[in-house]
Each structure stands twice: as structure tokens, then as C-alpha cells.
Amino acid sequence: MSLDEVASITSLTLRVGLVATAVILPPCLALGYVLARRSFPGKSAVQAVVALPMVLPPVAVGLGLLLLLGRRGPLGWLWSLSGVEVVFTWWAAAIAAAVVGFPLLTRACEQSFAEIDPRFEEVGRSLGLGRMRTFFRVTLPLARRGVFYGMLLAFTRALGEFGATTLVAGIIPGRTETLALGIYSRVQLGDDSGALVLCAASFAIAFAAMLVAEGWLRRSRTAVE
Amino acid sequence: MSSAGTLIEARLRRPGFALDVEATWDERVAVVFGPSGSGKTTLFRTVLGLLPAARARTRLAGVWLEDPERGLRIPTERRGLGWVPQDPTLFPHLSVEQNVRFGAARAGEDAERARRLAIEVLEIGDLLGRRVDGLSGGERQRVAMARALASGPRALLMDEPLAALDLPLRARVLPYLLRLRDELEIPILYITHDPDEAMLVGEVAVVLDAGRVVATGSPREVLWSRSVLPLSEALGLENVIDARAVEAGDTESTVETAVGLRLVVPAPLKRGESVRLGLRAQDVLLAGERPNRLSARNVFEAAVVDCEKRDGSVFVRLAPLSEGARATPDARLVAKITPAAAAELGLRPGASVYVIVKAQALRRLA
């Protein structure tokens, strides 16, 4: 197995993880904030729906996505209109990763917002900041550690995503083959050494991510408390 | 009622609590006084516009903030109020300086001047580089006041700024507060459940009890009025006496009230010094004849104004009559005695009695 091959699989995996995390961040922040601060009829139902991808078998999630995004699915017309095919591309892998990461990040945001005394926001508003600016200058900075931790969870979950991804993206070498998929296909083909190399790459990414996260969390802790 | 005045109407129903407040005043510095749970903070939150459920009409020193009849409801962030919450609520992710600068955008061109004034009046120049978590309770309170002040507010709303501090610390922060009051020209609303503070700080007092206004007026008068008496009684402050020292001594001094009543107090005072004294109604003794050879240092004659039976006691309102004393409604004292004692003394309006007050019972408030 060539070094180029490992590098390409690794970079595809990172790209999928980063794009998935970045795409879900704004809606997770917004939804997490609403769930933490507001009470409205049907809130429990919303929370249950949000949690679904976390508790369903990933393969079931993948099948759902396939039906939704496929050419004959409800969203298929959108893709054919723009001439873009999503299914069986790395975008599909990113979407699968985003969907399974969504509940993790939303929950982390909800919990960290709920821990912040609304009084801080009220003082911010009394000092002349609108709701949006208060959110970005008061709420988000105060919740940043929990939000960051949620992003880390979503990102690492994306790195390991397998079940949903195989269904919507397939295992296409050079196009949709992420580290998790690559390890699986190599074991299937009897290429144990190749699988171990990809395992090592996975380990390196996960380890680096945890190192960066721990360092950042420690620094932000000393800066705040 | 002048159009430059303040008007606050606030109505809110919650399970177990109803706020129904209507108050107007023209004075610049108002204290909102009342026991815990009387709705003071809720009232503040409606003035701040933080309670959408409340029906409120608010005009602060001539500026309308909310008037449902005209569909006017200025959002919190555009009310221009400097709020000092009870718990200082400093932003923990910001330094002291960043906290003080937080509302600077609103102050516009005056931001720099407002900030410098805030730092100077509250003497927090040395704290600016510090982190919020390293501050003492008194420092936090001063920074919270500075933050509100530096935002160039059109009015200050202070919610028991001294309540969280212990007594010695209170004495250290109080001068800053009074300086703030005296050096600013903006309206101030000040919440307290402490009558000493209410009288010291306020030009007008709005007294709340169980979500309603029970009295509005000069702090001295309203803390005295019949409707407020049960409240001040709970606080041990039925009688508040303003006086000036006329004779100074090492252990005790003689003071004279505005109506000429002379009292001995157990405190070394400087001649001419002003004091405010608190006296519990239960510490006021009454006698039918002038007593002699008594340990109590203060004995004077008074006329009974009226008697009121309440909770198994009789509250006797008295107008002092001693040498030179001019009887005015303002000069009244309240004594709390048993019904049996009241009957034995034959107390009725107009009757004359002797009032006995131990010097030790006179508590200095300010």
C-alpha cells in the first residue's frame, strides 16, 4: 500500500470530518440555545427527533439518507436540478457524518447553554447589546468549552462513521473511501497490513485531536476561572 | 404630576404572586423599599423590559419606555438603563477593564468621559487589569456599578447593591454609593430592604409589600406612616429621629431634634454633628406622672395622638411636648405597650404622658 494512498484516504477522512462539523455547528448552536432557553409545546418531541440518529442503528440512518437523497427521493430533484449527484460522492459521506454528529453537538450546546445563568444575558442586553450580539459576546464565550467539546465529539464520531456512510457513499477507492471504510475493505480483501497502516493513521488523527483539545481546554480554563 | 416625573405601573400574575404597582414621583433619587418577596426585583425587571408577560407603563424622568396604549415598548437593549443587579453578575470571561468597557458602545461620543468618571468615582483604576474572579465582594460591587455607569445610562437601577456585603464592607462601599448619587445628575432607582439605607440614600421612598405599593413619600415620613408601621416594626425601626449634637461628651452626648426635643445618646459626638437615630417602639416606656431618680436618661412629656390595637399590643402615637418642643405631625413617636398598661394609664387622644427612653435604646443609623 503506497504512502500516497494512505495520505489521500487520511485527507479525505479529515475533510469529511471537518466539513461535517462545520456545517452542523450553526444549526446546532441555534437549536441548542432554543432548547436550553425556551419552553414551547412539543419541545420533548423535538428533543426526541434530534436524538434519533444517535440511538438508531447507523445503517438505518444510512438507508433513510439514501432514500431521502437518492434520485427518486424527496430531495433528489434538488440535486438533479443543479446537475450535482450527491449519493456515492464524498459529500454523501460528509452528510452522513453530519447527521450522526448532529445530536451529539446539539446536546452539548444545549447543556452548556443551560448551565449559563440567563442573568448574564440580561445584563448584556441592559448594557445596550441586542440579542444576537449578546449571544456572541456573552453566551457563546461563556459556553465555549462545552461547545468545543461537542465539536470534538461530532468530529471524532465523523472520523469513525461507517454504517450510514457505506450505504450513501459506498466504498469507492479514491472517492469515498475514508479510514473506517478503508480498514473494513482491506480486512475483507485479506490485506491485513494495509488495514493496520490505516488503523495507525486513525490512531494518529484521534490522538492529535485529543491533544489539541486538552491543550485548548486547559488554556481556556485558566483564562476564565 | 409634572410631565418630567417618573411613572411606573406594573402588573404581573404568577402562581402564588401578583405584582400590582402604581407609583409616580418627581424626585431624582428614589428608593424602592420593602421586605424580601415584596416584588422589588420583579418591579425592576419590568422597568428593564425583561418581563414580556408583565403589563407595564413606564416613564422614567420624563422619558417613556413602555406604554401599551400607544403600542410603545422599547426593548431592553435600547432603554439606556444602567442596571446593577443584586449579585454583581460580572462577566467572568472578561477582565475588569473589559467588563467596564462592555457597554461603552452605547455611550457613543461620551464613552471615554463616562468611563473615566466611572473609574474615578468608584476608584477602580487599580483593579482594571485584574481578573474578575480575583476580586473581593466589595470590589465586585464597585466594578458592577462602574460598568453600569460607563455605559452612559439615562438612569441607574441598583438592586440592593450592599445586601451581599457584610457590615464592615458595607461601610466601605457606602461612601462610593453616596458619591455616585451626588455626582451624577441622572435619576436613580435604588432597591433596599434596609430602612437605614432607604433613609440615607433616597429622596423619595416607594414602599412595597406583597406586590403592592403601601406608601410613597419622603423616606422619613413613609417609614413612619401607619400603613408602613407593620413593616418598619418587623425591622425594628418604628421611630427614626434626626438630630444635631448640642453637647459633646466622651461617653454620651446630647442631641436636639428639629422640633427642639433634647435626647441623651450613648455616643461621643462632635458638637454640631448630625445624627439619625433609630428607636424601637417597644423600647419607649410611658408613665402617668413624671418619674424621678430614674436610670433612664431621657424623660419628656408628650401628648397622645392616637392609640391602635394590633396583634395583642397597643401602639401609641405621641407628640413630644417638652420645653420648647413644637408639636408637628412630623415629630411623632410610637410606643408599643400592652393593652392592660394602656387601660391603667387611661390613654386616649389628647392625654398627657411622660415618655421614658434609655439612652442605650437609641441606635445610631447615620
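Look up: the structure comes first, before these words.
Overview of the structure. Computed from a predicted model, the values in this text were never measured in an experiment. (Residues numbered from 1 in each chain as written. Chains lettered and ligands numbered in written order. Predicted model: local features only at pLDDT ≥ 70, side-chain atom pairs only at ≥ 80, totals over all residues. Heavy atoms only, no water.)

**Considering the overall build of chain A**
- The helix and strand tally for chain A stands at 10 helices and zero strands.
- From first element to last, N terminus to C terminus, chain A shows the α and β order α-α-α-α-α-α-α-α-α-α.
- Across its three principal directions, the C-alpha atoms of chain A cover 65 × 45 × 30 Å.
- Across the 225 residues that make up chain A, the buried fraction comes to 44%. (Helix = DSSP H or I, 4+ residues; strand = E, 2+ residues; numbered from the N terminus. Buried < 20%, exposed > 50% of the residue type's maximum accessible area, 1.4 Å probe, protein only.)

**Re the overall build of chain B**
- Within chain B one finds 10 helices and 21 strands.
- For chain B, whose C-alpha radius of gyration is 23 Å, the value lies close to the compact-globule estimate of 21 Å for 366 residues.
- Projected onto its principal axes, the C-alpha positions of chain B cover 70 × 50 × 35 Å.
- Long-range pairs, those at least 24 residues apart, make up 65% of the contacts in chain B with a sequence separation of at least 6. (Rg over C-alpha atoms; globule rule 2.2 N^0.38 Å. Contact = heavy atoms within 4.5 Å.)

**Observations concerning the layout of surface pockets**
Residues and elements named next belong to chain A.
- Taken as a whole, the largest pocket encloses approximately 710 Å³ of empty space.
- Around the largest pocket, the lining comprises 24 residues; the ones closest to its centre are Tyr33, Arg38, Glu121, Arg125 and Arg131.
- Among the secondary structure elements, those contributing two or more residues to the lining of the largest pocket are α1 (3–37), α6 (118–126) and α7 (131–160).
- Here the lining of the largest pocket is built from residues that sort into 13 nonpolar, four polar and seven charged. (1 Å grid on protein atoms, 1.4 Å probe; cavity = no way out; pocket = protein on both sides within 12 Å on 5 of 7 lines; lining within 4 Å. Points joined across faces, edges and corners; volume = space filled by probe spheres on them. Nonpolar A, V, L, I, M, F, W, Y, C, P; charged D, E, K, R; others polar.)

**Regarding the pairing of strand β14 (residues 262–265) of chain B**
Residue and element names in this part refer to chain B.
- Relative to β14, strand β13 (residues 253–257) runs antiparallel, the two being bridged by four bridges. In the strand pairing of β14, Val255 is matched with Leu263.
- Hairpin connection from β13 to β14: four residues lie between these consecutive antiparallel strands, with Gly260 at a positive phi of about 90 degrees. (Pairing = 2+ DSSP bridges.)

**Considering a nonpolar patch on the surface**
Residue and element names in this part refer to chain A.
- A cluster of nonpolar side chains, Val49, Leu52, Met54, Val55 and Leu56, forms an exposed patch at the surface whose accessible area comes to about 440 Å².
- Of note, Val55 is situated in helix α2 (residues 43–55).
- For Val55, a relative accessible area of 62% gives the class exposed. (Patch = residues over 30% accessible without salt bridge, like charges linked within 9 Å, V, L, I, M, F, W, Y side chains within 5 Å. Areas by Shrake-Rupley, 256 points an atom, 1.4 Å probe, with all protein chains shown as cover. Salt bridge = Lys/Arg side-chain N within 4 Å of Asp/Glu carboxyl O.)

**Topic: α7 of chain A**
- An ideal rise of 1.5 Å per residue puts 44 Å on 30 residues; α7 of chain A reaches only 37 Å between its terminal C-alpha atoms.
- At Arg144 of chain A, α7 of chain A shows its largest kink, close to 65 degrees. (Expected span 1.5 Å × (residues − 1). Bend = angle between axes of the 7 residues up to and from the residue.)

**As for the interface of chain B and chain A**
- Contacts between the two partners involve 21 residues from chain B, matched on the other side by 21 residues from chain A.
- Each partner contributes to the roughly 2000 Å² buried at the junction of chain B and chain A, and carbon and sulfur atoms together form 61% of this total.
- When the buried area of chain B at its contact with chain A is split by residue, Glu77, His93 and Phe102 of chain B rank highest and sum to 33% of it.
- Taken together, chain B and chain A are joined by two salt bridges. (Buried area = accessible area lost by both parts, 1.4 Å probe.)

Limitation: the analysis is restricted to geometry and does not speak to function.
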